There are 4 protein chains.
Amino acid sequence: MQLGMIGLGRMGANIVRRIVADGHTAVGYERHAPLIDELSAELDAAFSGTTDLAEFVSRLETPRVVWVMIPAGATGAVIDQVAELLEPGDIIIDGGNSRYHEDIQRAERLSPKGIHYVDIGTSGGVFGRTRGFCLMIGGEAGPVKYLDPLLRSIAPGVDAAPRTPGRTGEPSPAEQGYLHCGPAGAGHFVKMVHNGIEYGAMAAYAEGLNILHKADYGTGYDGGAHSAEETPLEHPEYYRYDIDIPEVTEVWRRGSVVASWLLDLTAAALHADPNLDSFGGRVSDSGEGRWTIDAAIDIGVPVPVLSAALFQRFSSRGEAHYADKMLSAMRKAFGGHNELPQE
Amino acid sequence: MQLGMIGLGRMGANIVRRIVADGHTAVGYERHAPLIDELSAELDAAFSGTTDLAEFVSRLETPRVVWVMIPAGATGAVIDQVAELLEPGDIIIDGGNSRYHEDIQRAERLSPKGIHYVDIGTSGGVFGRTRGFCLMIGGEAGPVKYLDPLLRSIAPGVDAAPRTPGRTGEPSPAEQGYLHCGPAGAGHFVKMVHNGIEYGAMAAYAEGLNILHKADYGTGYDGGAHSAEETPLEHPEYYRYDIDIPEVTEVWRRGSVVASWLLDLTAAALHADPNLDSFGGRVSDSGEGRWTIDAAIDIGVPVPVLSAALFQRFSSRGEAHYADKMLSAMRKAFGGHNELPQE
Amino acid sequence: MQLGMIGLGRMGANIVRRIVADGHTAVGYERHAPLIDELSAELDAAFSGTTDLAEFVSRLETPRVVWVMIPAGATGAVIDQVAELLEPGDIIIDGGNSRYHEDIQRAERLSPKGIHYVDIGTSGGVFGRTRGFCLMIGGEAGPVKYLDPLLRSIAPGVDAAPRTPGRTGEPSPAEQGYLHCGPAGAGHFVKMVHNGIEYGAMAAYAEGLNILHKADYGTGYDGGAHSAEETPLEHPEYYRYDIDIPEVTEVWRRGSVVASWLLDLTAAALHADPNLDSFGGRVSDSGEGRWTIDAAIDIGVPVPVLSAALFQRFSSRGEAHYADKMLSAMRKAFGGHNELPQE
Amino acid sequence: MQLGMIGLGRMGANIVRRIVADGHTAVGYERHAPLIDELSAELDAAFSGTTDLAEFVSRLETPRVVWVMIPAGATGAVIDQVAELLEPGDIIIDGGNSRYHEDIQRAERLSPKGIHYVDIGTSGGVFGRTRGFCLMIGGEAGPVKYLDPLLRSIAPGVDAAPRTPGRTGEPSPAEQGYLHCGPAGAGHFVKMVHNGIEYGAMAAYAEGLNILHKADYGTGYDGGAHSAEETPLEHPEYYRYDIDIPEVTEVWRRGSVVASWLLDLTAAALHADPNLDSFGGRVSDSGEGRWTIDAAIDIGVPVPVLSAALFQRFSSRGEAHYADKMLSAMRKAFGGHNELPQE
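No experiment lies behind these values; they were computed from the predicted model shown.

What follows concerns the relation of the copies chain D and chain A. Note on the identical chains: chain D maps onto chain A by a rotation of 180° and an axial translation of 0.0 Å, with an RMSD of 0.0 Å. Interpreted geometrically, this transformation is the action of a two-fold axis. Rotation axis and chain D: the residue whose C-alpha lies nearest the axis is Ser260(D), separated from it by 1.9 Å.

Here we take up the domain arrangement of chain A. A common way to state how big an interface is: give the accessible area lost once the parts meet. Residues and elements named next belong to chain A. For chain A, the assigned domains read domain 1 (2–163 + 172–183) and domain 2 (192–243 + 280–335). Relative to domain 2, the C-alpha centre of domain 1 lies at a distance of 39 Å. In this complex, domain 1 contributes six residues to the contact, which on the side of domain 2 involves five residues. For the domain 1 face of the interface with domain 2, the top three residues by lost area are Asn97, Arg99 and Tyr100, together amounting to 73%. For Arg99, the salt bridge is made with Asp294, and the minimal N-O distance between the two is 3.2 Å. For the pair domain 1 and domain 2, the number of links is two residue pairs in polar contact (both at pLDDT 80 or more). Looking at the side of domain 1 that touches domain 2, its residues break down into two nonpolar, three polar and one charged.

As a further point, take the interface of chain D and chain A. Tallying the contact residues gives 96 residues for chain D and 95 residues for chain A. With both chains or domains summed, chain D and chain A bury close to 7900 Å², and 67% of this area falls on carbon and sulfur atoms. It is Ile211(D), Tyr241(D) and Arg254(D) in chain D that bury the most area against chain A; as a group they hold 11% of the surface buried on that side. One can count 48 residue pairs in polar contact (both at pLDDT 80 or more) joining chain D with chain A.

What follows is about the pairing of strand β3 (residues 47–50) of chain A. Bridge analysis of strand β2 (residues 25–29) of chain A against β3(A) gives four bridges, and the strand direction is parallel. Its bridge partner being in β3(A), Gly28(A) is matched across the sheet by Gly49(A).

All names here are of chain A. The strand order across the open sheet built from eight strands is β3-β2-β1-β4-β5-β6-β7-β8, with neighbouring strands paired in mixed fashion. Whereas interior strands pair on both sides, the edge strands pair on one side only; in this sheet they are β3 and β8 (178–182). Adjacent strand axes in the sheet meet at a mean angle of 25° when their direction is disregarded. As defined by bridge partners, strand β1 (residues 2–6) adjoins β2 across five bridges and the pair is classed as parallel.

This part takes up unusual backbone geometry. Residues and elements named next belong to chain A. Backbone torsion omega between Thr62 and Pro63 reads -10°, so that peptide bond is classified as cis. Within the secondary structure layout, Pro63 lies in the loop between α3 (53–58) and β4 (65–68). Residues other than glycine seldom take positive phi values, yet Leu276 does so here, at roughly 55°. As for its placement among the helices and strands, Leu276 is situated in the loop between α12 (261–272) and α13 (288–298). According to the relative accessible area criterion, Leu276 is buried, its value standing at 0%.

Attention now moves to the packing of helix α13 (residues 288–298) of chain C against helix α14 (residues 304–316) of chain C. All names here are of chain C. At a minimum axis separation of 10 Å, α13 and α14 run at an interaxial angle of 140°. By the angle between their directions, the pair α13 and α14 is classed as oblique. Two packed elements cross with a definite hand, and for α13 against α14 that hand is left-handed. Where α13 abuts α14, its residues Gly289, Arg290, Thr292 and Ile293 lie against Leu306, Ser307, Leu310 and Phe314. The residue inventory of the contact of α13 with α14, partitioned by class, reads four nonpolar, three polar and one charged.

The strands making up a sheet associate through hydrogen bonds between their backbones, and the pairing can be parallel or antiparallel. Residue and element names in this part refer to chain B. Strands sit in the order β3-β2-β1-β4-β5-β6-β7-β8 across an open sheet of eight strands; the sheet is mixed. Strands with a single pairing partner mark the edges of an open sheet, and in this sheet they are β3 (47–50) and β8 (178–182). Ignoring which end each strand starts from, the neighbouring axes of this sheet average 25° apart. Sheet strands in contact with helix α1 (residues 10–21) are β1 (2–6), β2 (25–29), β3, β4 (65–68) and β6 (116–123), and its direction is about 170° off that of β1.

This part covers the interface of chain D and chain C. Tallying the contact residues gives 68 residues for chain D and 67 residues for chain C. Taking both partners together, chain D and chain C bury about 5900 Å²; carbon and sulfur atoms supply 61% of that area. Along the contact surface separating chain D from chain C lie four salt bridges. The partner of Glu319(D) in a salt bridge is Lys214(C), and the shortest N-O contact between them spans 2.9 Å. On inspection of chain D and its partner chain C, the count reaches 19 residue pairs in polar contact (both at pLDDT 80 or more). Sorting the residues of the side of chain D that touches chain C by element identifies α10 (186–213), α12 (261–272), α13 (288–299), α14 (304–316) and α15 (321–335) of chain D as the ones contributing at least two each.

With that settled, the discussion passes to the nonpolar core. Judged by nonpolar contacts, the single largest core of 276 residues is most densely connected at Phe189(A), Trp252(A), Trp252(B), Trp252(C) and Trp252(D). The contact partners of Phe189(A), leaving out residues within four places of it in the chain, are Tyr100(A), Ala295(A), Ile211(D), Leu212(D), Ala215(D), Tyr239(D) and Tyr241(D).

We now examine the pairing of strand β7 (residues 134–138) of chain A. Residue and element names in this part refer to chain A. Burial analysis of β7 places five of its five residues in the buried class, the great majority of the element. Burial along β7 is two-sided: the face carrying Cys134, Met136 and Gly138 and the face carrying Leu135 and Ile137 are both buried. Looking at chain direction, strand β6 (residues 116–123) and β7 are connected through five bridges and run antiparallel. Within β7, the position partnered with Thr122 by the bridge is Leu135. Summarising the sheet, β7 and β8 pair through four bridges and their orientation is parallel. Paired with Ile137 across the two strands is His180, which belongs to β8.

Expressed as a screw operation, the relation of chain D to chain C combines 0.0 Å of axial shift with a rotation of 180°, fitting to an RMSD of 0.0 Å. Both copies share a contact surface, since 99% of the interface residues of chain D are interface residues in chain C too.

What counts, and at which threshold
- In this convention, every chain numbers its residues from 1, walking through the sequence in written order.
- Starting at A for chains and at 1 for ligands, labels are handed out in the order in which the entities are written.
- It should be noted that, the model being predicted, local features are given only for residues of pLDDT at least 70 and side-chain atom pairs only at 80 or more, the latter also being counted only at that level, while totals for whole chains, interfaces and linings use all residues.
- In computing side-chain properties, one takes all heavy atoms of the structure into account and sets aside hydrogens as well as water.
- Least-squares superposition aligns the copies on the C-alpha atoms of those residues with pLDDT at or above 70 in both.
- The start and end points of each domain follow an automatic or database-based domain assignment.
- Every residue pair with non-hydrogen atoms within 4.5 Å of one another is taken to be in contact.
- In short, buried area is how much 1.4 Å probe accessible area vanishes from two parts on joining, totalled over both.
- Every case where a carboxyl oxygen of Asp or Glu lies within 4 Å of a side-chain nitrogen of Lys or Arg is listed as a salt bridge.
- Two N or O atoms count as a polar contact when they lie within 3.5 Å, although within protein this holds only if one can serve as hydrogen donor and the other as acceptor, and sequence-adjacent residues are included solely when both atoms are side-chain atoms.
- Polarity classes work like this: nonpolar for Ala, Val, Leu, Ile, Met, Phe, Trp, Tyr, Cys and Pro, charged for Asp, Glu, Lys and Arg, and polar for all others, with Gly in that last group.
- Should DSSP find at least two bridges between two strands, the strands are taken to pair.
- Helical segments are the DSSP runs of H or I of at least four residues, strand segments are the runs of E of at least two, and each set is numbered from the N terminus.
- In this analysis, axes come from line fits to C-alpha atoms, helices being fitted only over the stretch in contact, and the angle between any two N-to-C directions falls in the range 0 to 180 degrees.
- Relative accessibility thresholds used throughout: buried, under 20% of the residue-type maximum; exposed, over 50%; partly exposed, between the two (1.4 Å probe, protein chains only).
- When describing relative orientation, an angle under 35 degrees is termed roughly parallel and one over 145 degrees roughly antiparallel, while 65 to 115 degrees is termed roughly perpendicular and anything else oblique.
- By definition, any crossing whose near helix is turned counterclockwise from its far helix by less than a right angle is left-handed, and any crossing with a clockwise turn is right-handed.
- We call a set of buried residues a nonpolar core when its members are Ala, Val, Leu, Ile, Met, Phe, Trp, Tyr or Cys and they connect through side-chain atoms within 4.5 Å of each other.

Now the structure itself:
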């Protein structure tokens with residue numbers, strides 16, 4: 001089967017590599033020519049690329065399958081452009097990080113032209129090429145079914161994890177790592193929630209490890225009676241541990257309840273940089289985490305954990321600073337408390 | 001009636017001033033002689049002080065009333081000392097910020113000696129002298145009743161607020177600003193929860209005002225497409241306000257649902273320092289806020305708001321830094337994301 | 001000065017009453033005739049009303065001042081209707097609970113017609129008639145200035161609270177209880193944040209009082225060793241208080257740091273219904289609390305307290321139920337734990 | 001090597017099974033004789049058991065290794081009992097869920113007798129027998145080293161997960177699933193934090209799946225204008241998905257960032273009971289989650305996510321009910337709002 005890929009950055013190229021490795025072919029469109037050359041050299045005849053969008057479309061067999069894999073900000077315009085060149089029955093896939101609202105609008109806009117729109121939330125990051133990508137798919141049933149051979153090649157496959165007890169027979173698509181979640185937007189919706197969960201789980205590890213990090217707080221503790229503004233530690237003897245955090249993340253990887261892929265990566269990161277010296281602690285957030293909370297609020301779902309994780313990221317970037325100054329101002333106003341200097 | 005006061009710092013001295021103004025007399029013990037001299041000069045015959053604890057005790061009429069008003073860390077030792085000099089029927093009051101656990105233990109320890117122990121949580125801060133102190137009291141009914149004339153003088157009195165609809169007749173002690181909350185420790189327990197609430201309410205204002213502070217975020221917004229790691233602002237036109245925050249806190253003081261004494265102080269602080277330039281944003285916490293959460297956890301009460309307020313104070317002092325670096329390490333591990341530089 | 005009021009429900013009627021009491025006159029439009037009759041009888045010649053919108057407009061002196069005070073859901077349509085009947089220079093005020101986004105859009109829509117649009121966030125609830133309404137105002141400077149005499153009559157006035165230290169001379173509008181916050185939408189924006197803060201402050205009290213409510217948890221505690229699934233209480237002796245919560249809320253009203261109008265109301269509610277028997281615990285939320293979090297997320301402001309307060313309301317309505325069942329399913333899966341029956 | 005096991009419940013028996021399978025022998029003490037018989041029949045000569053504690057001790061080779069694996073509430077008394085029968089050089093292991101404070105105290109108490117105390121936090125639940133147990137160990141270096149052959153047999157072994165990139169040579173104990181974390185208490189301390197993280201991660205999944213569960217909220221939405229007390233849904237068209245949640249948890253197991261053992265179990269639970277009909281949603285918590293927050297508060301570490309997860313469990317058991325009623329009372333007081341009936 002043939003795939004047209006718009007955008008040959010890391011994600012786009014790796015998807016092409018996976019389908020070609022599985023016997024499919026690909027045509028690529030990319031404005032940056034060296035990326036085309038590189039992939040052509042690597043994949044030989046199974047792949048050809050062009051910097052010309054019309055040429056790209058012309059090389060595709062009908063019904064055309066056009067996967068757009070570019071930064072979310074640019075996706076809308078490119079979809080509009082390529083849609084002008086397509087014909088009824090063709091399929092456009094948005095595999096990037098669009099907000100699912102846009103999917104719903106785009107599908108409606110393309111529908112009168114007979115063009116099918118499929119949104120695919122893609123998880124897997126830099127490891128996707130070898131590990132496979134987890135694919136969450138939204139769109140009409142027919143086109144999604146048509147894409148099945150490609151999706152199967154991109155996804156990790158059933159062997160990537162032990163089968164769930166009770167599941168037998170031919171593995172379902174979900175067991176192979178791809179799932180048709182519902183109509184337009186459903187793929188990005190499920191991917192959005194996936195990322196919301198990711199934020200929460202990451203924060204759970206980070207907070208817990210921070211406790212281990214400070215478990216030596218009572219060592220050499222002198223009573224802390226520097227000031228009435230500090231709470232003395234009642235039992236310094238309970239906090240005299242010097243925990244080897246890289247080793248703890250390693251030991252949890254086997255047999256514990258918190259074993260996870262995130263923990264695997266955390267253990268690897270800590271093995272490489274045990275004190276995290278290469279990080280400054282300004283944590284970005286890239287949309288899905290925010291949209292998850294927005295959606296929860298719209299439909300009245302309580303998400304205290306997911307939101308706390310998001311807000312901690314904001315705080316890591318200094319965004320609580322004004323609020324903190326306000327608190328200090330209040331404390332001074334009613335109690336005459338001055339701020340303590342940084343230790 | 002006569003009051004013995006141990007500790008003539010701001011709080012102790014102001015309590016003495018209030019009872020003397022109401023016709024009572026006081027004897028003070030204080031190691032720092034100038035504080036004695038100052039108060040003596042101010043209060044004439046109604047007050048005498050000494051730097052000698054035995055002398056202090058000897059000047060008190062029986063049953064003696066000894067109010068200890070010194071930093072929490074020193075309170076226990078001083079109570080033990082003075083208890084050695086007292087007789088059955090005497091009353092020791094801890095008016096400081098002890099944890100209520102200690103009250104329960106002290107009351108048990110002093111009981112065999114016939115000494116009554118009363119714990120009084122005292123709220124009012126630097127304004128207490130003129131505004132009166134809100135008193136939350138724990139201990140046996142008899143001694144607390146005996147103290148009534150003094151408590152009434154220290155408390156704000158019923159005129160400090162409009163009477164609650166439906167309350168008629170002789171104002172109850174609670175309406176005058178002092179309340180016998182229960183046996184030993186109950187006073188500090190209720191004061192502890194008071195401070196827990198205080199943290200939550202302060203944070204509510206601070207977070208809300210921070211939103212107003214950043215309400216100009218969309219002004220001159222250029223699309224924010226600096227990086228795939230930043231979420232673009234969908235509607236910059238919604239965030240082009242230049243809100244005068246000191247004026248907003250002022251307007252809310254009259255007629256709004258969030259009018260409060262904390263807001264009065266906030267408006268005053270912002271009038272004096274509109275941009276909070278005199279504050280750095282390191283917010284201390286002084287015990288009660290922590291103990292409130294500890295108690296809630298012990299008895300299974302959900303306190304998501306009070307705890308979030310406490311943890312925000314920890315974060316304001318940089319205590320989330322290690323966790324934040326861990327999050328950045330994870331993001332880099334699975335997504336290849338590098339941290340963005342500080343803007 | 002003359003005010004046209006659309007909607008003579010509780011809020012609209014009370015605003016009319018306040019301006020009439022201050023010497024202004026009013027014309028009312030209301031579909032429900034008895035409300036007109038009632039207000040006419042009460043206010044005599046200073047007020048006239050009609051169920052006919054054109055008639056209403058015709059009775060207004062130019063430039064017309066039309067205040068729309070109806071449920072948010074109906075506001076947009078009515079504004080469109082009345083705008084058809086107005087002339088350049090007239091002023092439409094939305095005094096309801098619209099989202100500020102709509103204000104921005106409406107102002108833009110009305111601008112080409114020369115009609116001025118002013119949004120006013122109005123706080124004060126059922127007490128506004130006597131206490132005055134706190135007014136947060138958005139719109140162009142000219143029309144807002146033109147409305148000044150009316151706004152001054154509706155607002156509480158400077159005597160509603162002690163003047164903030166340092167403020168002298170002629171009281172500013174903010175000191176009288178009304179504030180021009182910025183261009184279109186700024187009024188509802190500030191009101192929205194006001195309500196977000198309100199949610200947080202309410203939750204702070206509610207959580208703290210819940211701790212007091214359960215302070216008797218250790219009374220008669222039998223060790224709690226019903227099951228390995230329950231955490232035994234380490235120190236039951238710390239939780240044997242029987243706190244009189246209505247009295248605590250009363251005592252905090254005078255002299256304490258948490259004194260507030262909300263606390264006044266809480267004390268009154270608890271005096272009337274000490275065990276809250278008339279409430280079931282399903283807490284509604286009415287838009288502003290949600291929009292506050294949405295705005296904070298848009299501009300990257302951490303609001304852990306305000307969001308926790310909102311989500312607790314969702315939970316109070318059973319919206320965490322599915323998540324809770326999921327947690328139980330996980331616990332059973334890894335630990336073999338069955339749910340404990342309700343006690 | 002020989003192991004003495006006190007308590008042959010599920011956990012104790014499975015540990016015995018693992019060491020016997022690896023060539024070690026075991027002696028068991030258990031008050032409930034059938035459990036002994038069962039294990040004897042299964043393990044033949046490698047295991048013998050008794051209901052007599054002195055007999056149990058007499059069968060152990062010196063230095064004796066006594067692993068106590070019974071409910072936390074009973075552990076202290078049994079350790080005291082058995083310690084009376086032991087000799088200098090013997091080792092007592094607490095493999096249960098004790099709070100680490102107790103470990104510190106017990107180690108100090110046993111030290112003068114020359115008895116070594118080792119605390120082992122054990123994770124793995126019902127799957128530990130086949131999957132191996134993750135062991136977090138506290139105590140003196142010598143005794144922990146002495147136990148190495150047993151620990152290695154109980155732990156999962158290095159093959160239980162891919163090796164972390166960069167780790168080469170002989171696998172460290174951590175890589176095999178057991179880790180000496182520090183002196184007395186360190187094992188249970190790290191296990192405690194492990195469970196704190198577990199709560200947070202579980203909540204992250206549960207909240208996210210709850211959003212998916214309610215993603216059909218806009219289907220058939222009629223405007224929601226039942227009352228001014230409900231927020232109308234602005235875009236019902238965004239919430240018309242009917243998500244197959246069991247399939248989503250399955251698809252996330254392969255290739256996604258949130259793949260984890262918890263997710264494996266969740267997918268299995270949902271495959272068996274797709275609508276979670278067998279659960280009521282009352283979520284227990286068993287100590288470690290609470291102690292994690294207590295520790296964080298002691299040492300000033302912000303844990304907004306872990307605490308939110310704990311408090312949600314409290315709320316699931318109805319513990320927010322009083323607070324919720326208080327909120328309703330406040331709303332009625334200032335706004336005249338009545339509670340809406342349950343739908």
